[in-house]
Amino acid sequence: YQWLIFALCFVVVLLDGFDTAAIGYIAPSLVAEWGVSKPALAPVLSAALFGLAAGALVAGPLADKLGRKRLLTGSVFLFGAACLASAFAPGLTELTVLRFVTGIGLGAAMPNAVTLMSEYCPSPRRALLTNAMFCGFPLGAAFGGFLAAWMIPLWGWRSVLELGGVAPLVLGVLMLLLLPESARYLVARGAATERVRAILVRISASAAQVGRFVAGEAQ
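First, a word on what this report is: a plain description of the structure on this page. (Residues numbered from 1 in each chain as written. Predicted model: local features only at pLDDT ≥ 70, side-chain atom pairs only at ≥ 80, totals over all residues. Heavy atoms only, no water.)

### Description of the environment of Leu176
Turning to its location among the elements, Leu176 is positioned in helix H7 (residues 158–178). Note: C-alpha distance between Leu176 and Gly190 (14 residues apart in sequence) is 22 Å. With residues near it in sequence (within four places) discarded, Leu176 still touches Lys69, Thr73 and Phe77. (Helix = DSSP H or I, 4+ residues; strand = E, 2+ residues; numbered from the N terminus. Contact = heavy atoms within 4.5 Å.)

Printed below as a string of structure tokens:
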């Protein structure tokens, strides 16, 4: 069960890396198809990075109010939908706005994926698994370059954004079905003991014997 949580969060970070770097892969095609100058692409190339900063800033407070799973899943749906919409942008202005929205989702997803996964990691392996999960970001960016080199000649630059949009939407559905809410968040919010126990018993059978969960301990 813990490996499942790790795998889902790893793929979130993998797609985060792919979508962050995607605009760089398609920039030469934008210049060729839209006939714009390279300096004109500067806002498009930087929009997602500004969105990343904004998303990261609001992610923590919102997660404390809405829950880790809800915000993480919503962030994945947000950057997936915005990236998919970017594939149909008619011009640079629309593409810049959509890339900024994509960045907000990307920026909010990363810290919440790290937080949720670290809460469910075994303590002795937390540092190792957290660092392993972060490897998904450069891997997503790197593999995206190979995919773009293959896809753009066949289907055009829009196909890269379509892939970067559809894959997170599919992942978001899987997260809704398979990803648990943070047990610490549930306890802090006074959730029913049975709800917390149903999650933790999948990690340790001893959780079935716990009568009450309080912040930082079980009784």
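### What to know about the pattern of salt bridges
Tallying each qualifying case throughout the model produces three salt bridges. The partner of Glu119 in a salt bridge is Arg68, with the nearest N and O atoms 3.8 Å apart. Here Arg68 lies in helix H3 (residues 68–86) and Glu119 lies in helix H4 (residues 92–120), a separation of 51 residues in the sequence. The two residues Glu119 and Arg68 agree in class, both being buried. (Salt bridge = Lys/Arg side-chain N within 4 Å of Asp/Glu carboxyl O. Buried < 20%, exposed > 50% of the residue type's maximum accessible area, 1.4 Å probe, protein only.)

### Focus on the packing of aromatic side chains
Taken as a whole and assessed by the stated rule, the structure comprises four aromatic pairs. Ring geometry for Trp3 and Phe6: centres 5.7 Å apart, planes at 90°, overall edge-to-face. Of the two residues, Trp3 and Phe6 both sit in helix H1 (residues 2–34), three residues apart, roughly one turn of that helix. The exposure class of Trp3 is exposed, given its relative accessible area of 58%. One aromatic cluster in this structure is built from Trp3, Phe6 and Phe10. (Phe/Tyr/Trp six-rings, centres within 6.5 Å; stacked < 30°, edge-to-face > 60°.)

### Some words on the packing of H1 against helix H2 (residues 42–66)
Running from amino to carboxyl end, H1 crosses H2 at an angle of 165°, the nearest separation of the two axes being 9 Å. Considering their axes alone, H1 and H2 lie roughly antiparallel with respect to each other. For the crossing formed where H1 meets H2, the hand is left-handed. In contact with Asp16, Thr20, Ile23, Gly24 and Ala27 of H1, H2 contributes Val44, Leu45, Leu49 and Leu52. A per-class count over the contact of H1 with H2 returns six nonpolar, two polar and one charged. (Axes fitted to C-alpha atoms, helices over the stretch in contact; angles between N-to-C directions. Parallel < 35°, antiparallel > 145°, perpendicular 65-115°, else oblique. Left-handed = near helix turned anticlockwise from the far one by under 90°. Nonpolar A, V, L, I, M, F, W, Y, C, P; charged D, E, K, R; others polar.)

### Here we look at the nonpolar core
If you look at the biggest cluster of nonpolar residues, it comprises 30 residues, and the most contacted ones within it are Val12, Leu72, Met117, Met133, Leu171, Met175 and Leu179. At the level of secondary structure, the elements contributing two or more residues to this core comprise H1, H3, H4, helix H5 (126–134), H7, helix H8 (183–188) and helix H9 (193–200). For this core, the leading source of residues is H4, giving eight residues. Those residues in contact with Leu171 that sit more than four places away from it in its chain are Leu8, Val11, Val12, Leu15 and Val76. Residues Val36, Leu95, Leu98 and Val160 belong to the second largest nonpolar core, which totals 19 residues. (Core = buried A, V, L, I, M, F, W, Y, C linked by side-chain atoms within 4.5 Å.)

### A few points about the side chain of Thr102
Tracing the backbone through its elements, the reader meets Thr102 in helix H4. Within the local environment of Thr102, its side chain forms a polar contact with the backbone nitrogen of Cys83, the two atoms lying 3.5 Å apart. With residues up to four places along the chain from it excluded, the contact list for Thr102 reads Phe79, Ala82, Cys83 and Ser86. (Polar contact = N/O pair within 3.5 Å; in protein donor to acceptor, adjacent residues only side chain to side chain.)

### Focus on the environment of Val36
Inspection of the secondary structure puts Val36 in the loop between H1 and H2. Along the backbone, Val36 and Leu92 are 56 residues apart, and their C-alpha atoms lie at a distance of 9.0 Å. Residue contacts for Val36: discarding those within four places in its chain leaves Leu30, Val31, Leu41 and Leu92.

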